[in-house]
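# Report on the structure
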Amino acid sequence: MGRRDPLVDAYIAKAEPFARPILRHVRVLVHKACPEAEETLKWRMPTFMHHGILCSMAAFKGHASFGFWKGRQVVPDADRHGDSMGSFGRLTEVADLPSARTLTGYIRKAARLNEEGAKSPRRPARKPRPAPRPPADLRRALDGAGKARATWGELSPSHRREYVEWITEAKQASTRARRVSTTVEWLAEGKSRNWKYER
């Protein structure tokens, strides 16, 4: 028999009023579909365990979420909510979730996958972003500064990108010119854009 955690009771009690019914509904369904599931808090969110992480739920100021650890293997279109946590997007009421019958099926499927030791599929590797091209005003400034140009050539693409974004985000020409000048000065000293925060 699964174990209920008083910390989850406290989490639900502290949640925004709109989120409490959602969290209670999910909790009841998880224990109904997988009676052996145990509750805990992971990453400060109520998480259900059954042969590993089964699923988790969370409440925020304006929405709640519920999702499966092996989301894409359990819910066919889990990825369509790309910018939000969970398998079903931003939840503001119980009706935002699939029907109790459908959700129970998903929970049982997730439990079965965990029991069988299924691994989460790896996400496809992202294509590396191309190295940033310095804007024309920075190129001109680097042409006359050998040491700064040498440092620029040794920087990783991400460090170059930090400088390029800092320069191109300037709203006024005077600010941009000052940033180009500072960039050349820092590069001549062998510094990255965020050198102040490096250890």
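Residues numbered from 1 in each chain as written. Predicted model: local features only at pLDDT ≥ 70, side-chain atom pairs only at ≥ 80, totals over all residues. Heavy atoms only, no water.

### Notes on the overall build of the protein
Quick reminder of the rule: Runs of E in the DSSP output that reach at least two residues are strands. Runs of H or I that reach at least four are helices, and both are numbered from the N terminus. For the radius of gyration, the atom set is restricted to C-alpha positions; the globular benchmark scales as 2.2 Å times the number of residues to the power 0.38. Exposure categories follow from relative accessible area, calculated using a 1.4 Å probe and restricted to protein chains: below 20% of the type maximum is buried, above 50% is exposed, and the middle band is partly exposed. Surface accessibility in these figures is a Shrake-Rupley result with a 1.4 Å probe; residues are shielded only by whichever protein chains are displayed. His is not counted here, nor are the chain ends, while Lys and Arg score as positive and Asp and Glu score as negative. Charged groups are reduced to one reference atom each: NZ for lysine, CZ for arginine, CG for aspartic acid, CD for glutamic acid.
A tally of regular secondary structure across the protein gives eight helices and four strands. When the helices and strands of the protein are read in sequence order from the N terminus, they spell out α-α-β-β-β-β-α-α-α-α-α-α. Taking 2.2 N^0.38 as the reference for a compact globule, 199 residues should give roughly 16 Å; the C-alpha atoms of the protein span a radius of gyration of 25 Å, well beyond that estimate. Seen along its three principal axes, the alpha-carbon backbone of the protein occupies a region of about 75 × 35 × 30 Å. Put simply, the protein has 199 residues, and 40% of those count as buried. In the form shown here, the protein has an accessible surface area of approximately 12,400 Å², with 51% of it arising from carbon and sulfur atoms. Measuring between centres, the 39 positive side-chain charges of the protein sit 2 Å from its 22 negative side-chain charges.

### Comments concerning the sheet that holds strand 4 (residues 64–68)
Cut-off, in case you're wondering: In this analysis, strands are considered paired if DSSP registers two or more bridges between them. Simply put, an axis is a line fit to the C-alpha atoms, just over the touching stretch for a helix, and the angle between two N-to-C directions goes from 0 to 180 degrees.
Read from one edge to the other, the open sheet built from four strands follows the order 1-2-3-4, with strand pairing classed as antiparallel. Looking at which strands have only one partner, the edges of the open sheet turn out to be strand 1 (38–42) and strand 4. Each adjacent strand pair in this sheet contributes to an overall mean axis angle of 20°, direction not counted. Pairing between strand 3 (residues 53–59) and strand 4: five bridges, direction antiparallel. Along strand 4, the bridge assignment pairs Ala 58 with Ser 65.

### Focus on the pairing of strand 3
By the criterion of burial, strand 3 is predominantly enclosed, with six of the seven residues buried. When strand 2 (residues 45–49) meets strand 3, the two strands line up antiparallel, connected through three bridges. By the bridge assignment for strand 3, Thr 47 is matched with Ser 56. Between the antiparallel neighbours strand 2 and strand 3 lie three residues, among them His 51 with a positive phi of about 55°. Here strand 3 folds back onto strand 4 in antiparallel fashion, the turn holding four residues.

### Thoughts on the nonpolar core
One broad rule of soluble globular proteins: the nonpolar side chains tend to lie buried together. Put simply, the rule is: Here, nonpolar core means buried Ala, Val, Leu, Ile, Met, Phe, Trp, Tyr and Cys residues that are tied together by side-chain atoms lying within 4.5 Å of each other.
Within the largest apolar cluster, 34 residues are counted, with the highest numbers of intra-cluster contacts made by Val 30, Leu 54, Phe 66, Phe 68 and Phe 88. Mapped onto this core, the elements with two or more residues apiece are helix 1 (6–14), helix 2 (19–33), strand 2, strand 3, strand 4 and helix 4 (100–115). Grouped together as the second largest cluster of nonpolar side chains are 14 residues, Leu 142, Ala 148, Leu 155 and Val 164 included.

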